[in-house]
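Coordinate inspection notes
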Amino acid sequence: MKLLNRYLLHFIFIFSILSNYRVSAGTQYIYIRTNQVGYLSNDIKTSVIMSEEPVVFTKFEIKNTENSKVVFSGSLKKLDHSYDKFKYCYSIDFSKLTLEGKYKIYTGNFSSYPFKINRTLYNDVVDSLILFFKEQRCGPTEPFLHKICHLSDATRLLGDADHPGGVDVTGGWHDASDYIKFLSTTAYTTYMLIFSYDFDKSKFGFDNDKDGIPDVLAEAKVGLDWLLRCNYSKYKLVTQVQDLRDHDVGFRMPENDTLQYDRPAFSGIGKDQIGIYTAALALASRVWSEKFYMYDFAKQCLTAAENLYSIRDKILDIDTSGTGTYRDNAFWGKLALGAVELYLTTKKQSYLSDAMLYADGARSDYWWSWGNINSLADYRLAKINPRFTTYILNNLNAFNANKDSSAFNEGLAYTWGTTNSLLGVTLQVILYKDITGLNHFDSLAVDQRDYVLGRNPWGISFIYNIGSVFTNHFHSQVAFFNGGYLPGALSAGPAPESILKKYNIKNTNRKYDLFNTDLIKYYDDLSNYITNEPTISSNATALFVYGYYSDRK
């Protein structure tokens, strides 16, 4: 009998534990999605709550994490839109909370990840993002996390029968997790780094290295030096270094690349290439002359830009050299940007006339990527002639309409490189606001900014080591050999299943499957180069956006 009682007591104890576990697990259906870094005091501040079942409680509280004091409270607002199986989505708005501190959101028995309200909290994000470019450096450029590499670039030149043998295109940045270098993305990245400094010298003039040179310009110089080497002959360009064999030899550190002595360069040129190349070099000429008084270097940059621009009508519209990666679908916007930067540097009226002509040809592109950057030219031109603001406004109106059709307010459709595109929406709002002084699209800008930092269905920050839960398993060789460590890297983010199914990628990390849908998926997986690969061009966009929200005073 004693033995029976012992078994009964044991059974009751186990049943109690299991019952409590089932109750606890059964009610874990509330997910609070918020920006895990935080907000500026005057920001629009919203979070999304999603559930598979109706939420029985209607209120939320925000507590200070240091003393658990309630500093703000309000009501949940049912959204008109749902997210896949999470049919019940709610928003909370705590924009009126402006007091600096560290907080959590509470609703029912559930809480969010902590976040801060602070005027300088984005400084750390920018300081992290800038490190990524050092990790991507190639050649004798003092790289971070790996050794000097690829000192023989390039052993041969393809596509130019008049130039047998090799060409010196050492340096620059590896484009992504592979060790290929591209003119298009290097020129865009270089331009954005210099443009950021030119846009706001206070926010982007930080010098963490304490070497007397703003970090963004020191990094841009790595790109500039390589771009100048790519102009190996007066009217010719190298557009790519290494071919797709790079993808077939397995993971290795760049200094141990088995193909280091077998890396061809490709000669090519198109109006699209000339546009972005000219923009970067013409802007560099202006900045290096005004900031550093390096007149010889400034002249070298301007001469290369003008030489190449002068042959634009004699070449292909779209460059077709290399392996077909990063091939543009239009040239108008990039050529407009090149022309307007030449005008701003030289004050030659013919360049301004060209820029306006090309910008009108480009019109609104309703997108953002490494190749869709029309708004940069429109921004420069709108400072001269306000009518070009309309092209940016067209984009923003379209993004706003898309934002209002979703629980998480994405301004653009998902793509390969979603995080870059969404941050490009914020970038365009920033440009528009700088031209007009209007804040009509502030919520659009903040929603995209916050999406990347955790206000998304997966509840993850897509920047390494930023936020409480962040991408950990980047598709990166350097990260792989450094225990996953890759500061500043920005994941490409969720992608459409229509793209993913075209590639035979075996995902072993299924941590976020609960939040994947039949249409959109994200994998924090080393093998997934679609959702989880960082690139220099995406980081350049992110650096501008988060730098805008920083405060270096």
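Here, the structure is the one placed above.
About the thresholds
- Residues numbered from 1 in each chain as written.
- Predicted model: local features only at pLDDT ≥ 70, side-chain atom pairs only at ≥ 80, totals over all residues.
- Heavy atoms only, no water.
- Axes fitted to C-alpha atoms, helices over the stretch in contact; angles between N-to-C directions.
- Helix = DSSP H or I, 4+ residues; strand = E, 2+ residues; numbered from the N terminus.
- Parallel < 35°, antiparallel > 145°, perpendicular 65-115°, else oblique.
- Left-handed = near helix turned anticlockwise from the far one by under 90°.
- Contact = heavy atoms within 4.5 Å.
- Nonpolar A, V, L, I, M, F, W, Y, C, P; charged D, E, K, R; others polar.
- Pairing = 2+ DSSP bridges.
- Polar contact = N/O pair within 3.5 Å; in protein donor to acceptor, adjacent residues only side chain to side chain.
- Phe/Tyr/Trp six-rings, centres within 6.5 Å; stacked < 30°, edge-to-face > 60°.
- Buried < 20%, exposed > 50% of the residue type's maximum accessible area, 1.4 Å probe, protein only.

**A word on the packing of helix H11 (residues 418-436) against helix H15 (residues 536-548)**
Between H11 and H15, whose axes approach to 9 Å, the crossing angle comes to 45 degrees. The orientation of H11 relative to H15 falls into the category oblique. In terms of crossing hand, the pair formed by H11 and H15 is left-handed. Facing Asn420, Leu423, Gly424, Thr426, Leu427, Ile430, Leu431 and Lys433 of H11, the residues of H15 in contact are Ser537, Ser538, Thr541, Ala542, Phe544, Val545, Tyr546 and Tyr548. Looking at the contact of H11 with H15 residue by residue, the classes come out as 9 nonpolar, 6 polar and 1 charged.

**Considering the pairing of strand S5 (residues 70-75)**
Summarising the sheet, strand S4 (residues 59-64) and S5 pair through 5 bridges and their orientation is antiparallel. For Lys63, the partnering residue across the bridge sits in S5 and is Val70. In sequence, S4 turns back onto S5 through a hairpin of 5 residues, with Ser68 there showing a positive phi of about 60 degrees.

**Remarks on unusual backbone geometry**
A cis amide bond links Asp153 with the next residue in sequence, Ala154, at an omega value of -10 degrees. Within the element layout of this structure, Ala154 appears in the loop between helix H2 (121-136) and strand S11 (156-158). Positioned with a positive phi, Lys210 is a non-glycine residue whose angle comes to about 55 degrees. The topology assignment puts Lys210 in the loop between helix H3 (183-199) and helix H4 (215-230).

**Points about the environment of Ser406**
Within the secondary structure, Ser406 is located in the loop between helix H10 (389-403) and H11. Along the sequence, Ser406 and Ile536 sit 130 residues apart, while their C-alpha atoms lie 29 Å from each other. Engagement of the side chain of Ser406 in a polar contact is seen with the side chain of Glu410, the distance being 2.4 Å.

**With respect to the packing of aromatic side chains**
Taken as a whole, this structure holds 47 aromatic pairs when the rule is applied. Measuring from centroid to centroid gives 5.7 Å for Phe86 and Phe515, while their planes differ by 20 degrees, and the two rings are stacked. Here Phe86, found in the loop between strand S6 (77-78) and strand S7 (88-93), pairs with Phe515, found in the loop between helix H14 (497-500) and strand S16 (520-521); they are 429 residues apart in sequence, far enough to count as distant. When sorted by exposure, Phe86 lands in the same class as Phe515, which is buried. With a centroid separation of 4.5 Å and 25 degrees between ring planes, the pair formed by Phe331 and Trp332 is classed as stacked. You can call Phe331 buried: its relative accessible area is 8%.

**Here we look at the sheet that holds strand S14 (residues 264-267)**
Spatially, S11-S14-S13-S12 is the arrangement adopted by the 4 strands of the open sheet, whose pairing is mixed. Both outer strands of the open sheet, S11 and strand S12 (181-182), are each paired with one neighbouring strand and no more. Sheet analysis places S11 next to S14, joined by 3 bridges and oriented parallel. Paired with Leu157 across the two strands is Ala265, which belongs to S14.

**Observations concerning helix H12 (residues 442-452)**
Here H12 lies mainly inside the structure; 9 of its 11 residues are buried. All of the buried residues in H12 are Leu444, Ala445, Val446, Asp447, Gln448, Arg449, Asp450, Tyr451 and Val452. The elements touched by buried residues of H12 are strand S2 (38-39), strand S3 (46-51), H2, H10, H11 and H15.

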